[in-house]
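Examining the three-dimensional arrangement
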There are 2 protein chains.
Amino acid sequence: MNETFLKACRGEKVPYTPIWIMRQAGRVLPDYRELAKKYDFLALCKTPELAARVTVQPVDALGVDAAIFFSDILTTVEPMGMQLQFARDTGGPRFLNPVRTKADVERLTVPDPEGGLKFVKDAVAILKKELADKVPLIGFAGGPFTVATYMIEGANPGKSFLIKRMLYENPDLLRALLDKVTRLTAAYLQMQVKAGANAAMLFDSWAGILSQRDYVDFVLPGVKQINESLKNLGVPIIYFALDGTSFYSRLKDCGADVIVVDYRERLDHAIRHMPGVSIMGNLDPFALFAPLPNIEERVKEILDYGAKARGHIFSLGHGIMNDSPLDNVKALVQMVHRLSKRS
Amino acid sequence: MNETFLKACRGEKVPYTPIWIMRQAGRVLPDYRELAKKYDFLALCKTPELAARVTVQPVDALGVDAAIFFSDILTTVEPMGMQLQFARDTGGPRFLNPVRTKADVERLTVPDPEGGLKFVKDAVAILKKELADKVPLIGFAGGPFTVATYMIEGANPGKSFLIKRMLYENPDLLRALLDKVTRLTAAYLQMQVKAGANAAMLFDSWAGILSQRDYVDFVLPGVKQINESLKNLGVPIIYFALDGTSFYSRLKDCGADVIVVDYRERLDHAIRHMPGVSIMGNLDPFALFAPLPNIEERVKEILDYGAKARGHIFSLGHGIMNDSPLDNVKALVQMVHRLSKRS
């Protein structure tokens, strides 16, 4: 197996800087689009053979140094009693029974993921074989605050952010909800790692709607609890708080081996706050629309900044856009490998 | 006139920390809601007597230390040739003729604001008299990048961010557009100050969708140009880049006397990057939904942090929510005054 990705996560010497691309599984690949015409999104997630197939596609098509399990951060909480749908028109997620009251929170169970999420375990087991001579597999979950944002809102939050109202109006209720989601998330990631995932990643896509104070109070403890629960499993732990520039100074002790930096902050500035961890990032996904020489110039800059970290994994600073030019995506992967090659 | 606000902007000694509230004119006040039933939003903006009336309302109702001119950041570019509408249902702005091509940019004029924006001058003149024995008036405009975001998108951008595609695909076209908007914005703010506004504020609500590098390259030069053009008019210049934590280290030389810090970053951390300017901020608007003792505890913390700045103006870290409890808003103003009183 190509272990460059795992070595960079652990801060070990690597022959070149590894790269993977957020949302590489799906969207941008023609093979995926064909599959997505035949099956709806949740069927792709929940059928182990299909999820595994979509997961492997970008490894072969793009030449990235890691695979990331194809799934959605919201499927995790379905077995708690949440009814999930994806809108046919927008593709946006929707919970039919949003969580608003004490009774709603009390009704949620914290089940063993081996039950309602066994399809994930099965898909990871298939992938373990398929990827054995290729690249590592990243297992992942949504951060509890991010998942709770959808559970409370019922849909993609606009600017009303019901979760922030709950945080201020009824902080104990929010803590009770976060506690349940945190426990399931920890068990879910443990299951993925035990089934064969080589790294575990936590995506906190909505953490950036909080002040640093509220982040430290309401989000960070759950993140630490999850990371702590994975410590003895021997795989790198990766944490991503989108729009988290205000939090970087607080993340060095969150228990993750790798912190993802979104496209906003200069990578070397972010690294200064987190000297002891490896860093993942951070090309703006929109840069893939630029001409290749402009992309190359930006890649060089990021590689230079990244060299200051304990370890650097190149990635986009957010998810790739659906309509990114595929040739540029492929060129990016080759470019990172070529420009970072150590002699 | 109560000059506490202006003194804090200039870093002079003040008897207490002044406060104003982003979007204090409108929405949260019952008087405004009554008016909004009778007149549509653009009529309120464009009728000098009505705009003046809405501007004064919060000064009397809330006891804030500054008035901010009631307007919208998008009315400014109508005289350039942009056709603006506000949707009846959502209240969201829409340009009927979005700017996408070279021809679109070339078609835009840079008119004298005394022509198409004379209603603003007239409203400010009314306010100058009405506020003479009360508080200073803040004139404002949208930052050129923020206004251009709407001009290109045609509506509230989702996540497609056509302006970011243009930035990478056709940077020269974006620069040409920004140049035109920048020149009009500078002239527009000059007009407001000459008509009687006591401070000039630039709102960059969409700057935070950029990397630091792109912000410095595409946004900061226009901001500096506008601030420079206002320098000799003798009023404080205030700049707000929403979600701008990644930019604070670059803002100290932008020519503003006051930098607004949104609710994300801890105020004392932000101040460290900008020792030479006054700071405005930064209570999370959602905190107004908390019980009063919790609000008070947060206000104290922010006042303590703010004391480290050259000058501190208390404000929310983003616009107030429509349905904020009015009693809490009033209590906030009194609380800031009481807790910050110098003996």
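Residues numbered from 1 in each chain as written. Chains lettered and ligands numbered in written order. Predicted model: local features only at pLDDT ≥ 70, side-chain atom pairs only at ≥ 80, totals over all residues.

Per the secondary structure count, chain A includes 14 helices and nine strands. The C-alpha radius of gyration of chain A comes to 19 Å, within 12% of the 20 Å expected for a compact globule of 343 residues. Here the C-alpha coordinates of chain A stretch approximately 60 × 45 × 40 Å along the principal axes. Here the contacts in chain A between residues at least 6 apart in sequence split such that 75% fall between residues at least 24 apart. (Helix = DSSP H or I, 4+ residues; strand = E, 2+ residues; numbered from the N terminus. Rg over C-alpha atoms; globule rule 2.2 N^0.38 Å. Contact = placed C-beta atoms within 7 Å.)

As a further point, take the nonpolar core. Counting 250 residues, the largest nonpolar core has Ile 238 and Tyr 239 of chain A together with Ile 238 and Tyr 239 of chain B as its most contacted members. In this view, Ile 238 of chain A contacts Cys 9, Ala 199, Met 201, Ala 256, Val 258, Val 260 and Met 280 of chain A; residues no more than four positions away in its chain are not counted. (Core = buried A, V, L, I, M, F, W, Y, C linked by C-beta atoms within 7 Å. Buried ≥ 20, exposed ≤ 12 C-beta atoms within 10 Å, placed from the backbone.)

Now for the interface of chain B and chain A. Counting residues at the interface gives 19 residues for chain B, matched by 20 residues for chain A. Considering every element that reaches the side of chain B that touches chain A, the biggest residue donor is helix H9 (residues 162-169) of chain B, with four residues. A class-by-class count of the residues in the side of chain B that touches chain A yields seven nonpolar, four polar and eight charged. (Nonpolar A, V, L, I, M, F, W, Y, C, P; charged D, E, K, R; others polar.)

All names here are of chain B. At a minimum axis separation of 8 Å, helix H7 (residues 118-130) and helix H10 (residues 171-195) run at an interaxial angle of 25°. Between H7 and H10, the angle falls in the class roughly parallel. Here H7 runs over H10; the crossing is right-handed. Of H10, the residues touching H7 (which contributes Val 120, Lys 121, Val 124 and Ala 125) are Met 191, Gln 192 and Ala 195. (Axes fitted to C-alpha atoms, helices over the stretch in contact; angles between N-to-C directions. Parallel < 35°, antiparallel > 145°, perpendicular 65-115°, else oblique. Left-handed = near helix turned anticlockwise from the far one by under 90°.)

Superposing chain B onto chain A requires a rotation of 180° together with a translation of 0.0 Å along the rotation axis, leaving an RMSD of 0.0 Å. Interpreted geometrically, this transformation is the action of a two-fold axis. The C-alpha atom lying nearest the rotation axis in chain B is that of Thr 245 of chain B; the distance is 3.1 Å. (Least-squares fit on C-alpha atoms with pLDDT ≥ 70 in both.)

Here the focus is the sheet that holds strand S8 (residues 278-283) of chain B. Residue and element names in this part refer to chain B. Taken in spatial order, the seven strands of this open sheet run S1-S4-S5-S6-S7-S8-S9, and their pairing is parallel. In the strand order of this sheet, the two ends are held by strand S1 (67-68) and strand S9 (312-316), each with one partner. For strand S5 (residues 199-204) and strand S6 (residues 237-241), the ladder comprises five bridges, and the chain directions are parallel. Bridging across to S6, Leu 202 finds its partner in Tyr 239. (Pairing = 2+ DSSP bridges.)

Take the pairing of strand S4 (residues 137-142) of chain B next. Residue and element names in this part refer to chain B. Most of S4 sits out of view: six of its six residues are buried. With burial as the criterion, each face of S4 is covered, one bearing Leu 137, Gly 139 and Ala 141 and the other bearing Ile 138, Phe 140 and Gly 142. Where S1 lies against S4, two bridges are found, and the strand directions are parallel. Among the inter-strand pairings, Ile 68 is bridged to a residue of S4, identified as Ile 138. Pairing of S4 with S5, which is carried by five bridges, proceeds in the parallel orientation. Considered in S5, the bridge of Gly 142 is made with Phe 203.

Adjacent strands of a sheet pair through backbone hydrogen bonds, lying either parallel or antiparallel. All names here are of chain A. With parallel pairing, seven strands are arranged side by side in an open sheet as S1-S4-S5-S6-S7-S8-S9. Looking at which strands have only one partner, the edges of the open sheet turn out to be strand S1 (67-68) and strand S9 (312-316). Packed onto the sheet, helix H10 (residues 171-195) meets strand S4 (137-142) and strand S5 (199-204) and runs at close to 170° relative to S4. Each of strand S8 (278-283) and S9 is contacted by helix H13 (residues 292-306), which is oriented at about 160° to S8, the strand it contacts most.

We now examine the packing of H10 of chain B against helix H11 (residues 212-230) of chain B. Describing two packed helices takes the angle between their axes plus the distance from one axis to the other. All names here are of chain B. Two numbers describe how H10 lies on H11: the axes approach to 9 Å, and their chain directions differ by 25°. Looking at the two axes, H10 sits roughly parallel to H11. Here H10 and H11 pass one another in a crossing that is right-handed. When H10 is examined against H11, the residues Leu 174, Leu 178, Thr 182, Thr 185, Ala 186, Leu 189, Gln 190 and Val 193 are found in contact with a partner set consisting of Phe 218, Gly 222, Gln 225, Ile 226, Ser 229 and Leu 230. Residue composition of the contact of H10 with H11, by class: eight nonpolar, six polar and no charged.

What follows deals with unusual backbone geometry. Residues and elements named next belong to chain A. Cis geometry marks the peptide bond from Gly 281 to Asn 282, where omega comes out at -10°. Mapped onto the secondary structure, Asn 282 falls in strand S8. Located in the positive-phi region is Arg 23, a residue other than glycine, with phi close to 70°.

Before going further, it helps to spend a moment on the confidence of the model for chain A. When the pLDDT values of chain A are averaged, the result is 96; 100% of them are 70 or greater. Quick note on the complex model: pTM equals 0.96, ipTM equals 0.95. (pLDDT = per-residue confidence, 0-100.)

Now for the environment of Val 261 of chain B. All names here are of chain B. Here Val 261 is to be found in the loop between strand S7 (258-260) and helix H13 (267-273). In the structure, Val 261 is positioned 54 residues away from Ser 315 in sequence and 9.2 Å away in space, judged by C-alpha atoms. In contact with Val 261, other than residues within four places in its own chain, are Leu 267, Ala 270, Ile 279, Gly 281, Asn 282 and Gly 317.

A word on helix H14 (residues 292-306) of chain B. The terminal C-alpha atoms of H14 of chain B, which comprises 15 residues, lie 20 Å apart, in line with the 21 Å expected from a rise of 1.5 Å per residue. On its buried side, H14 of chain B packs onto H13, S8, S9 and helix H15 (326-340) of chain B. (Expected span 1.5 Å × (residues − 1).)

We now examine the environment of Ser 249 of chain B. All names here are of chain B. In this fold, Ser 249 is placed in helix H12 (residues 248-251). On the basis of neighbour count, Ser 249 is assigned to the partly exposed category, with 15 C-beta atoms found within 10 Å. Along the primary structure Ser 249 and Cys 45 are separated by 204 residues, whereas in three dimensions their C-alpha atoms are 35 Å apart.

All names here are of chain B. Among the five residues of S9, five are classified as buried, and the element is accordingly described as predominantly covered. Judged by which residues are buried, S9 turns out to be covered on both faces: His 312, Phe 314 and Leu 316 on one side and Ile 313 and Ser 315 on the other are all buried. Inspection of the sheet shows S8 paired to S9 by five bridges, in the parallel sense. The residue bridging Gly 281 from the neighbouring strand is Phe 314, located in S9. Between S8 and its parallel partner S9, the chain crosses via H14, and the hand of that crossover is right-handed. (Right-handed = clockwise from strand over helix to strand, strands pointing away.)

Residue and element names in this part refer to chain A. Along the polypeptide, Val 99 turns up in the loop between strand S3 (93-95) and helix H5 (102-107). Judged by the 29 C-beta atoms lying within 10 Å of it, Val 99 falls in the buried class. Counting along the chain gives 47 residues from Val 99 to Ala 52, while the straight-line C-alpha distance between them is 32 Å. For Val 99, the contacting residues outside a window of four places in its chain are Asp 104, Val 105, Met 151, Ile 152 and Leu 177.

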